[in-house]
Amino acid sequence: TEYSLMSMLVAARDTDGSSMSDPQLRDEALTLLLAGYETTANALSWAVHLLVTHPAALQRAQQEARAALTGEGCNLGDMPNLPFIKRVWLETLRLYPSAWSIGRTALEDVRLGEYALPHHQNVILSQYVTHRDPTYFPEPEAFKPERWEGDFEKSLPDYAYFPFSAGPRVCIGNMFAEMEGLILLSTVLKHIYLEQGPNYDSSAFASLTLRPKNGISVVARRAS
């Protein structure tokens, strides 16, 4: 029997045997659509923006994609051969995390440095702000994929870099999103030449996700 994601949601049962209501099913489907489509699309848009505004990095990424991909597109076997493009991806999510802030509620009274947070206090944590902290990221406003070479990521303290949140509520799709992003970005870079388009505007719009306010204007030409 073939199962779709929606059929699995419909068939799901809670511990008491109850199923989801129609509004719950709708909300779950919309959440999955948002998490599985819009966030990745935003991250890819920002990756293209950073590459077309940094020609040397774009050239290096294109050369790596064309040398590494064994077929028309990227497959899992190619991914270990894309170290620079992975660094581009990590740096993109540092500068433009699709989830730019998250909320948490204190389960008990807690003190964070000089701040006392009472029970049930809501707290906003911003990936966008933390990822641009010079304490952890020298030249924080600069696009530097090379910063991710070696053990840099492992050297960071917990929660200094958390584009997919962290802890027990870390995004369940973080590994899939990285795989999806690398496959799509490297495939595009293999087959398409990219350059800045007319009326270029890289303004960001912070809604539920962090998206390009007016899109990303690029000229795309198929590679010969």
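Predicted model only: the values in this text are computed from it and were never measured.

### Some points on the overall build of the protein chain
Check the secondary structure of the protein chain and you find 7 helices and 8 strands. Principal-axis analysis of the C-alpha atoms places the extent of the protein chain at approximately 60 × 55 × 35 Å. A sequence separation of at least 24 residues applies to 65% of the contacts in the protein chain between residues at least 6 apart. Total accessible area computed for the protein chain in this model is approximately 13600 Å², and 56% of it derives from carbon and sulfur atoms.

### Considering the pattern of salt bridges
Two side chains bearing opposite charge may form a pair once their charged atoms approach each other closely. Overall, the coordinates contain 9 salt bridges when judged by the stated rule. Of the charged contacts in the structure, one is a salt bridge between glutamate 91 and arginine 147, with a shortest N-O distance of 3.0 Å. Highlighted residues: glutamate 91 in helix H4 (residues 83-95) and arginine 147 in the loop between helix H5 (127-130) and helix H6 (152-155), separated in sequence by 56 residues. Here glutamate 91 matches arginine 147 in class, with each residue buried. Of the charged contacts, one joins glutamate 195 and arginine 221 as a salt bridge, the two residues approaching to 3.9 Å between their closest N and O atoms.

### Considerations on helix H2 (residues 22-52)
Across its 31 residues, H2 extends 44 Å between first and last C-alpha, which sits within 8% of the 45 Å expected from 1.5 Å per residue. The axis of H2 is deflected most strongly, by about 30°, at leucine 34.

### Quick word on the environment of leucine 69
Positionally, leucine 69 belongs in the loop between helix H3 (55-68) and H4. Sequence separation of leucine 69 and alanine 204 is 135 residues, and the distance between their C-alpha atoms is 32 Å. The contacts of leucine 69, once residues within four sequence positions are left out, are Cys74, Asp78, Leu82, Ser186, Thr187 and Lys190.

### A few points about the packing of H3 against helix H7 (residues 174-191)
Running from N to C, H3 and H7 cross one another at 95°; their axes reach a closest spacing of 8 Å. It follows that H3 is roughly perpendicular to H7 by the angle criterion. Touching Leu58, Ala61, Gln62, Ala65 and Arg66 of H3 are Ser186, Leu189 and Lys190, all from H7. Residues that form the contact of H3 with H7 fall into these classes: 4 nonpolar, 2 polar and 2 charged.

### A word on the nonpolar core
In terms of nonpolar packing, the biggest core is built from 39 residues, with Leu51, Ile85, Trp148, Leu156, Tyr161, Leu185 and Leu189 touching the most fellow members. With 8 residues, H2 is the largest single contributor of residues to this core. The residues touching leucine 51, leaving out its near neighbours within four places in the chain, are Ala57, Leu58, Ala61, Val88, Leu185 and Leu189.

### Thoughts on the confidence of the model for the protein chain
Averaged over the protein chain, the pLDDT score is 91; the fraction of residues at 70 or greater is 98%. Considering each helix and strand of the protein chain separately, the mean pLDDT is smallest for helix H1 (residues 5-11), with a value of 84, and largest for H4, with 98.

### Focus: H7
Between its first and last C-alpha atoms H7 spans 26 Å; for 18 residues at 1.5 Å apiece the expected length is 26 Å, and the two agree. Listed as buried for H7 are Ala177, Gly181, Leu182, Leu185, Ser186, Leu189, Lys190 and His191. Summarising the contacts, the buried residues of H7 are in contact with H2, H3, H4, strand S5 (192-196) and strand S8 (218-222).

### Thoughts on the packing of H2 against H4
Two elements in contact, H2 and H4, have axes separated by 9 Å at closest approach and are oriented at 105°. Viewed along their axes, H2 and H4 adopt a mutual orientation that is roughly perpendicular. Residues Ala43, Leu44, Trp46, Ala47, Leu50 and Leu51 of H2 touch H4, and the partners they reach there are Val88, Trp89, Thr92, Leu93 and Leu95.

### Focus: unusual backbone geometry
Even without glycine at this site, tyrosine 159 takes up a positive phi of about 75°. The residue tyrosine 159 is located in the loop between H6 and H7 in this model. What makes tyrosine 159 exposed here is its relative accessible area of 52%. Not every positive phi belongs to a glycine, and serine 165 is a case in point at roughly 65°. Along the polypeptide, serine 165 turns up in the loop between H6 and H7. The class for serine 165 is buried, based on a relative accessible area of 12%.

### Overview of the side chain of aspartate 78
Inspection of the secondary structure puts aspartate 78 in the loop between H3 and H4. Although aspartate 78 is buried, it makes no salt bridge; lysine 190 carries the closest opposite charge, 7.4 Å away. Ignoring sequence-local partners within four residues, the contact set of aspartate 78 consists of Ala68, Leu69, Thr70 and Gly73.

About the cut-offs
Along each chain, residue indices are assigned from 1 in the same order as the chain's sequence is written. Totals for whole chains, interfaces and linings use every residue, but because this is a predicted model, local features are given only for residues with pLDDT of at least 70 and side-chain atom pairs only at 80 or more, for both listing and counting. To get the side-chain values, take all heavy atoms of the structure and skip hydrogens and water. Going along the chain from the N terminus, every DSSP run of H or I of four or more residues is numbered as a helix, and every run of E of two or more is numbered as a strand. When checking whether two residues touch, look at their non-hydrogen atoms; a contact exists if any pair is within 4.5 Å. Here the accessible surface of atoms and residues is derived via Shrake-Rupley with a 1.4 Å probe, and residues count as covered only by protein chains that are part of the display. Salt bridges are defined by distance alone: a side-chain nitrogen of Lys or Arg within 4 Å of a carboxyl oxygen of Asp or Glu. A 1.4 Å probe rolled over the protein chains alone gives each residue an accessible area, and that area as a share of the maximum for its type sets the label: buried under 20%, exposed over 50%, partly exposed in between. The span expected for a helix works out to 1.5 Å for each residue beyond the first. Here the bend at each residue means the angle between axes fitted to two seven-residue stretches, the one ending at that residue and the one beginning there. Only the stretch in contact is used when fitting a helix axis, every axis being a line fitted to C-alpha atoms; angles between N-to-C directions are given from 0 to 180 degrees. Angle categories are assigned with fixed cut-offs, so that under 35 degrees is roughly parallel, over 145 is roughly antiparallel, 65 to 115 is roughly perpendicular, and the rest are oblique. Throughout this entry, Asp, Glu, Lys and Arg are counted as charged residues, while Ala, Val, Leu, Ile, Met, Phe, Trp, Tyr, Cys and Pro are counted as nonpolar. The remaining residues, Gly among them, count as polar. Think of a nonpolar core as a cluster: buried Ala, Val, Leu, Ile, Met, Phe, Trp, Tyr and Cys residues, connected wherever their side-chain atoms sit within 4.5 Å. The predictor attaches a confidence to each residue, and that confidence, scored 0 to 100, is pLDDT. We count Lys and Arg on the positive side and Asp and Glu on the negative side, and we leave His and both chain ends out.

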